[in-house]
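Commentary on secondary and tertiary structure
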Amino acid sequence: MRLTIRRRAGRRAALLAVGAMTAGLLLTAPQQATAGPPNLLSNPGFETAGPAGADMPSCWSKSGWGDNDFSFTTVAEAHTGTKAMKVSLTRRVDGDRKALVTENSTCAPTVTPGKQYDLSAWYKSDTPDVSVTVFRRDTTAGWQYWTDLQNPPVSAAWARTEVRTPAVPPNTDKIAWGLSVYGVGTLTTDDYVLEEVDAVPPQPACSGTAEECAKGKWEVIPAKNPVRSMHAVVLKNGKVLLIAGSGNDIAQFNAGTFTSAVYNPANGTFKTVPTPVDMFCAGHVQLADGRVLVMSGNKGYPSADGKIGYQGLKDSYVFDPATEAYTKTNDMNGGHWYPSATILGNGDVISFGGLKEDSTGNVTAEKFSAAQNKWLPMNEVNQTWSYWGLYPSMILMQDGRLFYSGSHTFGNGTPGTGASIYDYGANTITDVPGLRNKDQRDESASVLLPPAQDQRVLTIGGGNNETNPAANRITDIIDLKKPSPGYTAGPDLPQGLVDTGTGKRPQTGAEGKMYVSAVLLPDGKVLETGGGLHDRADPVFEASFFDPTTNTYQAGLATDPIPRTYHSASFLMPDGRVMSVGDNPGNGTYNHNVSIYTPPYLFKGARPQITSVIDTQWVYGDTQRITVNRPIAKAELIRPAAVTHSSDPNQRFVDLPMTVNGNNIDLNVTSNPNLAPPGWYMLFAVDANGVPSIATWVHLGGPSALAATQEQPSAHEHSFADKLGPAKQNPAKRDSVPVAPSVAGCDRHYGTANVCVPTRFPAEVKETSRARCDWLASHQYPKRLKVNGSDPLRLDPDRDGYAC
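Here goes a summary of the coordinates provided.

Analysis parameters
Residues numbered from 1 in each chain as written. Predicted model: local features only at pLDDT ≥ 70, side-chain atom pairs only at ≥ 80, totals over all residues. Heavy atoms only, no water. Salt bridge = Lys/Arg side-chain N within 4 Å of Asp/Glu carboxyl O. Buried < 20%, exposed > 50% of the residue type's maximum accessible area, 1.4 Å probe, protein only. Helix = DSSP H or I, 4+ residues; strand = E, 2+ residues; numbered from the N terminus. Contact = heavy atoms within 4.5 Å. Disulfide = S-S within 2.5 Å. Polar contact = N/O pair within 3.5 Å; in protein donor to acceptor, adjacent residues only side chain to side chain. Core = buried A, V, L, I, M, F, W, Y, C linked by side-chain atoms within 4.5 Å. Lys, Arg positive; Asp, Glu negative; His and termini not counted. Phe/Tyr/Trp six-rings, centres within 6.5 Å; stacked < 30°, edge-to-face > 60°. Lys NZ or Arg CZ within 6 Å of the ring centre and 35° of its normal. Pairing = 2+ DSSP bridges. Axes fitted to C-alpha atoms, helices over the stretch in contact; angles between N-to-C directions.

A separate point is the pattern of salt bridges. Counted by the stated rule, this structure contains 35 salt bridges. Its salt-bridge partner being Asp 55, residue Lys 62 comes within 2.7 Å of it at the nearest N-O pair. Each of Asp 67, Asp 69 and Arg 91 takes part in a single network of salt bridges with overlapping partners.

Below, the structure is given as structure tokens:
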């Protein structure tokens with residue numbers, strides 16, 4: 001299901017109209033970072049001919065890719081001087097063509113890592129399918145595609161386009177760029193300029209203690225979470241929806257008591273919300289209009305004898321932030337306890353996996369139509385009859401395919417490499433290599449790294465809830481832009497203190513964590529926090545930042561004082577802080593404390609401010625103007641969280657290339673909805689020290705853009721992930737797959753359904769009644785657990801019907 005979006009004409013007229021109004025406001029504003037001479041490009045106006053026999057001007061090359069018919073012509077119709085470059089496409093299936101600065105040491109300008117550069121050119125075009133495309137030379141890997149920055153609008157007369165690059169990545173010594181045309185039409189360009197930005201970061205300051213400025217600060221707020229929340233969703237109004245359902249409490253389930261709450265950060269209060277069904281372990285995703293689609297949940301708990309496991313609901317509801325109420329949709333085609341939920345570029349939602357009403361594994365793909373506001377019948381949804389496990393992490397790629405990262409919750413032994421690319425349109429699944437210890441990535445976390453344009457995924461830690469080894473500290477990274485993508489080893493997860501029931505001690509050896517939370521931050525880093533050493537036990541107190549620019553961890557951050565393992569969640573708030581809720585260890589208890597993390601960037605002095613946003617309704621490919629009170633280095637959209645069980649496949653950070661004119665910043669919005677699916681986003685402006693503004697909410701969409709559904713890549717994708725191995729053969733049509741009732745890793749012969757006595761105790765626990773009972777006691781399990789039928793773990797040596 002590959003989607004191309006054609007760019008709507010930008011709002012240039014609107015921006016010009018407000019220019020006079022804002023000019024007066026900016027007279028006394030701090031001076032913005034500016035670019036200036038010299039122009040670092042050679043032969044910027046094509047005036048110098050190439051060597052004898054060359055058909056391109058000096059320092060310019062024909063470039064592009066794909067199936068198209070094209071021509072390059074040096075013409076006299078120049079903006080200045082006597083020459084300009086005309087590139088025409090007369091037929092196009094895919095790809096682009098561009099005059100590109102020649103990628104050699106003589107012609108490509110030298111750049112400095114960490115610096116930003118302003119790129120500008122004069123152009124005329126009769127097609128909206130034009131983009132500013134940049135390549136960079138890595139000192140180790142050589143020349144490679146970097147990014148697309150802008151979509152200049154159609155212009156019959158000469159017009160100027162200008163855009164600022166992100167900070168140049170490490171190990172980059174040169175860049176090359178040009179204007180690409182990726183639709184049938186003609187583009188003429190002249191007078192290219194590349195200038196280094198003279199950006200002076202604000203003077204570093206520390207508004208807290210030295211430790212807070214280096215490590216950040218956690219605080220536990222006075223108010224307690226009133227519900228045993230398993231799910232957390234940041235709503236378009238900045239409030240937080242916390243869904244419990246029965247909250248993994250069989251007594252609440254039997255009483256029909258299902259709960260949710262809405263937290264209001266503005267006043268620190270919680271409001272309980274009537275909840276129609278047991279949404280415990282449902283799936284959820286934010287729809288394009290900001291409502292929350294909640295699918296499936298818990299139809300029934302495991303039987304006391306362990307012969308029947310959890311059962312999935314067919315039910316589906318939407319939660320409206322305006323009314324703070326649930327409304328029923330039509331049912332899904334089957335139950336899906338622990339389903340995935342991924343929003344697509346056209347606003348539809350696709351869902352896989354989970355357990356059916358009879359506790360077997362669901363092999364049915366489900367699709368929610370945004371246009372029809374309903375789940376489609378099975379015969380209208382492509383089916384591979386594949387079982388993806390529980391909460392499989394399915395991340396939308398930039399061409400509409402889905403990347404299954406190998407992260408899931410519960411389940412192991414799935415066939416193949418553990419990670420794959422799913423093409424809905426072709427209905428094929430193709431494995432990708434490199435994921436290490438694929439059957440010990442249960443309860444791991446996967447995240448699309450900032451910015452989404454880079455198409456890199458990080459997978460962190462994990463274990464195996466059935467065999468219950470110590471969680472690992474492995475991290476793996478995959479670059480989905482490569483022709484044959486595969487995971488490569490990332491740096492090991494930093495270690496902290498672990499409480500194994502006898503007090504905290506330093507982690508050793510290969511000990512890592514599962515149920516880790518990974519949160520995208522507005523400075524472009526990833527906060528990893530929380531997690532445990534074993535399934536539903538042994539919390540790890542450690543937090544770090546992962547920097548996607550350097551692929552390194554900054555260890556030793558302040559740690560959440562509250563354990564955060566099973567049924568915990570951490571997520572970004574619009575003010576740039578991180579909120580953490582929940583902890584539901586195997587002994588059946590639940591922690592109602594709420595923690596707030598203030599990252600170090602909020603102790604670095606005053607924050608930049610977005611003083612105005614002309615329009616909060618954004619359209620793909622558009623240009624939107626904001627004003628800021630002082631210089632900023634970047635701006636981005638961050639999709640609000642909808643997280644459960646370490647899983648939020650829709651979390652993403654979308655870079656907004658900037659055109660800077662004093663304190664007026666024109667933001668260039670991607671034309672590709674697969675990079676930024678329609679919906680509400682938090683808009684952050686960030687200064688050169690990484691200090692973010694408070695977010696402004698904007699809505700990204702556009703019905704006319706989303707109506708285009710050509711089956712081809714867009715210009716921003718270039719050629720990537722197109723040399724995969726052979727697709728796997730889909731299974732024959734089937735109803736489900738067998739799943740053991742012990743898939744949750746709990747032996748149901750002991751206690752009630754909300755108490756999880758591990759099927760396999762940690763390896764260091766001797767296989768004796770005394771050692772196992774001591775472990776249960778040290779982890780505060782209820783005394784005298786009732787034995788339901790047989791005693792496979794030998795916890796009732798005196799055979800009085802109670803364990804230990």
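It is worth spelling out helix α5 (residues 769-778) at this point. Among the residues of α5, those classed as buried are Ser 769, Ala 771, Arg 772, Cys 773, Trp 775 and Leu 776. If you follow the buried residues of α5, they end up packed against β41 (537-541). Gln 780 lies just past α5 and shows a positive phi near 60°.

As a further point, take the state of the cysteines. In total, this model carries four disulfides according to the counting rule given. Each sulfur in the disulfide pair Cys 206 and Cys 213 lies 1.9 Å from the other. Measuring the twist about the S-S bond at about 95°, one finds the Cys 206-Cys 213 disulfide to be right-handed. Looking at Cys 213, the relative accessible area reads 18%, which means it is buried. The partner cysteine of Cys 773 in its disulfide is Cys 804, sulfur to sulfur 2.1 Å. Linking Cys 773 and Cys 804, the disulfide has an S-S dihedral of approximately -85° and is accordingly described as left-handed.

For Asn 151, the position within the fold is in the loop between β8 (142-150) and β9 (155-164). The exposure class of Asn 151 is buried, given its relative accessible area of 4%. Side-chain polar atoms of Asn 151 contact the backbone oxygen of Val 130, separated by 3.0 Å.

As a further point, take the nonpolar core. Formed by 53 residues in total, the largest nonpolar core has its most connected members in Leu 527, Phe 571 and Met 579. Of the residues forming this core, the biggest block, four residues, is contributed by strand β55 (residues 679-686). Sequence-distant contacts of Met 579, that is, excluding residues within four places in its chain, are made with Val 240, Tyr 263, Ala 569, Ser 570, Phe 571, Met 573, Val 594, Ser 595 and Ile 596. Core analysis: the second largest hydrophobic core is formed by 37 residues, Met 397, Ala 635, Val 669 and Leu 675 among them.

Tracing the sequence through the fold places Arg 772 in helix α5. Among buried charged residues, Arg 772 stands out as having no salt bridge; its nearest opposite-charge side chain is Glu 767, 4.6 Å away. Ignoring anything within four residues of it in the chain, the contact list for Arg 772 reads Phe 761, Val 765, Lys 766, Glu 767, Leu 793, Arg 794 and Leu 795.

A separate point is the packing of aromatic side chains. Here a ring pair, both rings aromatic, is described through the centre-centre distance and the interplanar angle of the planes. The full count for this structure, using the stated rule, is 32 aromatic pairs. Aromatic side chains Trp 337 and Tyr 338 sit 4.1 Å apart centroid to centroid with 45° between the ring planes, which places their arrangement in the tilted category. Note on Tyr 338: relative accessible area 0%, which makes it buried. In textbook terms, an aromatic cluster arises when at least three aromatic residues are bridged by ring pairs, as seen for Phe 253, Phe 258, Phe 280, Tyr 301, Tyr 310, Trp 337, Tyr 338, Tyr 391, Phe 410, Tyr 515 and Tyr 566. The cationic tip of Lys 328 hangs over the ring face of Tyr 317; the distance from NZ or CZ to the ring centre is 5.6 Å. Over the ring of Phe 720 we find Arg 401, and its NZ or CZ is 5.5 Å from the ring centre.

Whenever strands of a sheet pair, they do so through backbone hydrogen bonds, lying parallel or antiparallel. Here four strands make up an open sheet; going across it, the order is β38-β39-β42-β43 and the pairing antiparallel. Lying at the two open borders of the sheet, with one neighbouring strand each, are β38 (517-520) and β43 (552-554). Mean inter-strand twist for the sheet, computed between neighbouring axes without regard to direction, equals 30°. In terms of strand pairing, β38 meets strand β39 (residues 526-529) through four bridges, oriented antiparallel. The partner of Leu 520 across the bridge, within β39, is Val 526.

Looking now at the environment of Glu 764. Within the secondary structure layout, Glu 764 lies in the loop between β57 (736-737) and α5. The exposure class of Glu 764 is exposed, given its relative accessible area of 54%.

The next subject is the sheet that holds strand β5 (residues 96-101). Overall, antiparallel pairing links the five strands, which are arranged β2-β5-β10-β7-β8 in an open sheet. The open sheet has two free edges, formed respectively by β2 (60-65) and β8, since each of these has just one partner strand. Put simply, the sheet's adjacent strands are angled 30° from each other on average, direction ignored. Pairing of β2 with β5, which is carried by six bridges, proceeds in the antiparallel orientation. Bridge pairing links Trp 60 to Val 101 in β5.

A word on the pairing of β41. The buried fraction of β41 is high, at five of five residues. Of the pairings in the sheet, the one linking strand β36 (residues 497-499) to β41 comprises two bridges and is antiparallel in character. Within β41, the residue paired with Leu 497 across the bridge is Phe 541. Summarising the sheet, strand β40 (residues 532-534) and β41 pair through two bridges and their orientation is antiparallel. The residue of β41 that forms the bridge with His 534 is Ala 537. Here β40 folds back onto β41 in antiparallel fashion, the turn holding two residues, of which Arg 536 has a positive phi close to 60°.

Mapped onto the secondary structure, Thr 752 falls in the loop between β57 and α5. Distance from Thr 752 to Ser 303, taken between C-alpha atoms, is 9.3 Å for residues 449 residues apart in sequence. Reaching out from Thr 752, the side chain makes a polar contact with the side chain of Asn 754 at a distance of 2.8 Å.

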